[in-house]
Amino acid sequence: MRQITEITSEPRQQHLLPVAGEANATLTLEFRPDVFAWFFTLTWGTFEVANAQLVACPNALRQYSKILPIGLCCDTTTGQDPMALDAFVSGAAVLYLLDADEIGEVETLLYG
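Treat the numbers as computed from the prediction; the structure is a model and nothing was measured.

A. Region of the structure containing the sheet that holds strand β5 (residues 47–53). Spatially, the four strands line up as an open sheet ordered β2-β3-β4-β5, and their pairing is antiparallel. Of all strands in the sheet, those bounded by a partner on one side alone are β2 (12–17) and β5. The average angle at which neighbouring strand axes cross in this sheet is 15°, direction not considered. Pairing of strand β3 (residues 25–32) with strand β4 (residues 37–44) involves seven bridges; the strand directions are antiparallel. In the strand pairing of β4, Thr26 is matched with Thr43.

Dropping the structure here:
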């Protein structure tokens, strides 16, 4: 698991995520203060997940595991979804990039 430490308290930001042996994925994060929530768009090659809410979960990209060789794990100190603009800067929330092996480990641990 690689922690994505480059996240700031800017309401809209873009990050390049390394994908082993492949082209980088682009992660766009956007905080929407009207609903107190973070949303993300992930683009990898021609595949895109657009405007999905970032919630506290072991793999926010689980439903795309047959397509994507990466996952996103969002963990929070409260167990609730990240709801503040500075959630990642303050340490209240942490976002991790999972590789294919780690996705398999999460699946085995949680779903048998």
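B. Main features of unusual backbone geometry. A positive phi is found at Phe36, a non-glycine position, where the angle reads about 50°. One can find Phe36 in the loop between β3 and β4. One non-glycine residue with positive phi stands out, namely Asn51, at about 55°. Examined against the element boundaries, Asn51 turns out to sit in strand β5. The partly exposed category is assigned to Asn51, whose relative accessible area is 47%.

C. Here's a closer look at helix α2 (residues 100–111). Taking 1.5 Å of rise per residue, 12 residues should cover 16 Å, and α2 covers 16 Å from first to last C-alpha, within 8% of that figure. Within the span of α2, buried status applies to Glu102, Ile103 and Val106. For α2, the arc enclosing every buried residue in end-on projection is 105°, short of the 170-degree limit, so these residues lie on one face. Exposed residues pointing more than 90 degrees away from the buried face of α2 are listed as Asp101, Glu105 and Thr108. Where α2 is buried, its residues touch β6 (71–76) and β7 (93–98). With a side-chain oxygen positioned 3.1 Å from the backbone nitrogen of Asp101, the residue opening α2 is Asp99.

D. Geometry of the nonpolar core. Of all hydrophobic cores here, the largest spans 25 residues; its most connected members are Leu27, Phe40, Leu42, Leu72 and Leu95. Only β3, β4, β5, β6, α1 (87–90) and β7 provide two or more residues apiece to this core.

E. A look at the sheet that holds β7. With respect to topology, three strands assemble into an open sheet ordered β1-β7-β6, the strand pairing being antiparallel. Each having just a single partner strand, β1 (2–3) and β6 make up the two edges of the open sheet. Pairing of β1 with β7 involves two bridges; the strand directions are antiparallel. In the strand pairing of β7, Arg2 is matched with Leu97. Sheet strands touched by α2: β6 and β7. Its angle to β7, the strand with the most contacts, is close to 115°.

What counts and what doesn't
- Residues numbered from 1 in each chain as written.
- Predicted model: local features only at pLDDT ≥ 70, side-chain atom pairs only at ≥ 80, totals over all residues.
- Heavy atoms only, no water.
- Pairing = 2+ DSSP bridges.
- Helix = DSSP H or I, 4+ residues; strand = E, 2+ residues; numbered from the N terminus.
- Axes fitted to C-alpha atoms, helices over the stretch in contact; angles between N-to-C directions.
- Buried < 20%, exposed > 50% of the residue type's maximum accessible area, 1.4 Å probe, protein only.
- Expected span 1.5 Å × (residues − 1).
- Arc of directions from axis to C-beta.
- Contact = heavy atoms within 4.5 Å.
- Polar contact = N/O pair within 3.5 Å; in protein donor to acceptor, adjacent residues only side chain to side chain.
- Core = buried A, V, L, I, M, F, W, Y, C linked by side-chain atoms within 4.5 Å.

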